[in-house]
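# Descriptive analysis of the structure
These are the residues of each chain, in order.
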Amino acid sequence: MLSKQGEQSKNRGSNPFAVILGSSPEIVVACNLAKRASRGDSTVLIIGETGVGKSVFAKAIHQASRRRGGPFVTVNCAAIPETLIESEFFGYVDGAFTGASRKGKPGKFELANGGTVFLDEIGDMSLTLQAKVLRVLQELVVERLGDTHEIPVDVRVIAATNKDLAKLMESGKFREDLYYRLNVISINIPPLRDRREDIPEFIEWFLRSLNKVCNTSVTCVHPAVMEAFMRYPWPGNLRELENAVEHALNLTDGDELRLEHIPPHIWQRAIENADKNDTACAKDLDDSLAKYERDLIIAALKATGNNRSKAARLLNISRSGLYKKLQKYAIPRDGTAKRLTE
Ligand SMILES: Nc1ncnc2c1ncn2[C@@H]1O[C@H](COP(=O)(O)OP(=O)(O)OP(=O)(O)O)[C@@H](O)[C@H]1O
Ligand SMILES: [Mg+2]
């Protein structure tokens, strides 16, 4: 059976940060910063590749803040056409432009009054808009298009980007003043490949939630699948992992995720990586799988702080089964063996 570690260690429901899974030092640091950020109203900049959980963090900060009763309004700066973006941000008054609604319309900042505005993909905003957003941040007022009347807004801004804003700033594509205004608290969420020890917990969580969606009842993961997942570089991060698990669930009949269920490019990549560093027995699949198994045991021991019961649960084998394998592969008691295929 899969471990219940994720659910036991986090009190879901009452704590908005409980939805943020992972126990790697990187994610713990990011979570602690986010918790501190939720105590006040300072602007937060969340930086990370696509699919690392930037939106999840932004929502958790809002939910944990004193603004939780107010709205959380997301604006995706990359998705709105340039011609509409100003009216989306700031709203417009009756007759401001052809096609404008007769009654006028509030912009996102107004809609977020008393709550939080989440400016997603902030690196994609034009320089003109950057100047206008900076004004809102500094003066906390907005002017609707076609109006000169200033409307005060009480908003907290959380911005996110997968771009290197410092680089954009150097090349003149991002305003320096806005950068410093946004960067009061910055939270860096590292890619999944830099915190691989979190992968088993994510797999377990995605299995739990996606079993319901796919009407399946998978409770265990074959060691070779776990190893392939631990080895794959995950350019799409958590979103890609979630989709890979969903893909696999759709192909299963029983209660186990096996290598043949996961998207082929993932296990192919894992085998390629294994072959690269292997001279003696690369061509022998049995040997490769044995190495996968040995490495997986080491990874599980590492992920569980060398706790053998937890490692056995993670690997879906009995404790005595784990002891036999530790002997077979001559893994020392302290679990400090080097992985063979890294
Ligand atoms: N730490 C986490 N714990 C649980 N689920 C997570 C975590 N991080 C990400 N996810 C899940 O991964 C998926 C992608 O997360 P999210 O949309 O927050 O990423 P993002 O960084 O905002 O991506 P993008 O740059 O594409 O907008 C979501 O389904 C989310 O629930
Ligand atoms: Mg997002």
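A count of helices and strands for the chain gives 15 helices and 11 strands. By residue count, 33% of the 342 residues in the chain fall in the buried class. A sequence separation of at least 24 residues applies to 75% of the contacts in the chain between residues at least 6 apart.

For any two helices packed against each other, one specifies the inter-axial angle together with the distance between the axes. In the contact formed by helix H14 (residues 308-315) and helix H15 (residues 319-328), the axes pass within 9 Å of each other and the chain directions differ by 95°. Considering the angle they form, H14 stands roughly perpendicular to H15. Mapping the contact onto sequence places Arg-308, Ser-309, Ala-311, Ala-312 and Leu-315 in H14 and Arg-319, Gly-321 and Leu-322 in H15.

Once that is clear, we can look at the sheet that holds strand E9 (residues 185-188). The strand order across the open sheet built from five strands is E2-E5-E8-E1-E9, with neighbouring strands paired in parallel fashion. Of all the strands in the sheet, the pair left with one neighbour each is strand E2 (72-76) and E9. Across the sheet, the mean angle from the axis of one strand to that of its neighbour is 20°, orientation sign disregarded. In the sheet, strand E5 (residues 116-120) pairs with strand E8 (residues 156-161) via four bridges, with the strands oriented parallel. By the bridge assignment for E8, Phe-118 is matched with Ile-158.

Bringing helix H3 (residues 54-64) into the picture now. Those residues of H3 not exposed but buried are Lys-54, Phe-57, Ala-58, Ala-60, Ile-61 and His-62. Those residues of H3 that are buried are in contact with helix H2 (25-39), strand E1 (44-47), E2, E5, E8 and E9.

Attention shifts here to the site of ligand 1. Taken together, 16 residues lie near ligand 1, and Leu-21, Gly-53, Lys-54, Ser-55 and Leu-238 sit nearest. Breaking the shell around ligand 1 down by element, the ones donating at least two residues are H3 and helix H11 (237-251). Split by residue class, the shell around ligand 1 holds six nonpolar, seven polar and three charged. A domain split of the shell around ligand 1 shows at least three residues from each of domain 1 (25-192) and domain 2 (195-328).

It is worth spelling out the nonpolar core at this point. Of all hydrophobic cores here, the largest spans 76 residues; its most connected members are Ile-46 and Ala-300. If you tally residues by element for this core, the top one is helix H13 (residues 285-303), at seven residues. Two domains each donate at least three residues to this core, and these are domain 1 (25-192) and domain 2 (195-328). When neighbours within four sequence positions are excluded, Ile-46 is seen to be in contact with Lys-54, Phe-57, Ala-58, Ile-158, Ala-160, Ile-187 and Ile-189.

Another point: the environment of Lys-35. Mapped onto the fold, Lys-35 is located in helix H2. Using a count of 15 C-beta atoms within 10 Å as the deciding quantity, one classes Lys-35 as partly exposed. Note: C-alpha distance between Lys-35 and Ile-61 (26 residues apart in sequence) is 6.8 Å. When residues no more than four places from it in sequence are discounted, the contact partners of Lys-35 are Phe-17 and Ala-64.

So, about the packing of helix H9 (residues 199-214) against H11. The interhelical angle for the contact between H9 and H11, taken along N-to-C directions, is 50°, at an axis separation of 9 Å. If you check the angle between H9 and H11, you find them oblique. Of the two elements, H9 crosses H11, and the hand of that crossing is right-handed. Contacts between H9 and H11 involve Phe-202, Ile-203, Phe-206, Leu-207, Leu-210, Asn-211 and Cys-214 on the former and, on the latter, Leu-238, Leu-241, Glu-242, Val-245, Glu-246, Leu-249 and Asn-250. Here the contact of H9 with H11 is built from residues that sort into 10 nonpolar, two polar and two charged.

Let's shift gears to the environment of His-247. Inspection of the secondary structure puts His-247 in helix H11. Residues His-247 and His-261 lie 14 residues apart in sequence; the distance between their C-alpha atoms is 7.6 Å.

A large share of E8 lies buried, amounting to six of its six residues. Alternating residues of E8 divide into Arg-156, Ile-158 and Ala-160 and Val-157, Ala-159 and Thr-161, and every residue in both groups is buried. Of the strand pairs in this sheet, E1 and E8 are connected by four bridges, and their pairing is parallel. Paired with Leu-45 across the strands is Ala-159, a residue of E8.

Take the environment of Asn-113 next. As for its placement among the helices and strands, Asn-113 is situated in the loop between helix H5 (108-111) and E5. Among the residues examined, Asn-113 registers 17 C-beta atoms within 10 Å and is labelled partly exposed. Along the backbone, Asn-113 and Val-155 are 42 residues apart, and their C-alpha atoms lie at a distance of 5.5 Å. Once residues lying within four places of it in the same chain are set aside, the contact partners of Asn-113 are Val-153, Asp-154 and Val-155.

What counts and what doesn't
- Residues numbered from 1 in each chain as written.
- Chains lettered and ligands numbered in written order.
- Predicted model: local features only at pLDDT ≥ 70, side-chain atom pairs only at ≥ 80, totals over all residues.
- Helix = DSSP H or I, 4+ residues; strand = E, 2+ residues; numbered from the N terminus.
- Buried ≥ 20, exposed ≤ 12 C-beta atoms within 10 Å, placed from the backbone.
- Contact = placed C-beta atoms within 7 Å.
- Axes fitted to C-alpha atoms, helices over the stretch in contact; angles between N-to-C directions.
- Parallel < 35°, antiparallel > 145°, perpendicular 65-115°, else oblique.
- Pairing = 2+ DSSP bridges.
- Near = placed C-beta within 6 Å.
- Nonpolar A, V, L, I, M, F, W, Y, C, P; charged D, E, K, R; others polar.
- Domains from an automatic or database assignment.
- Core = buried A, V, L, I, M, F, W, Y, C linked by C-beta atoms within 7 Å.
- Left-handed = near helix turned anticlockwise from the far one by under 90°.

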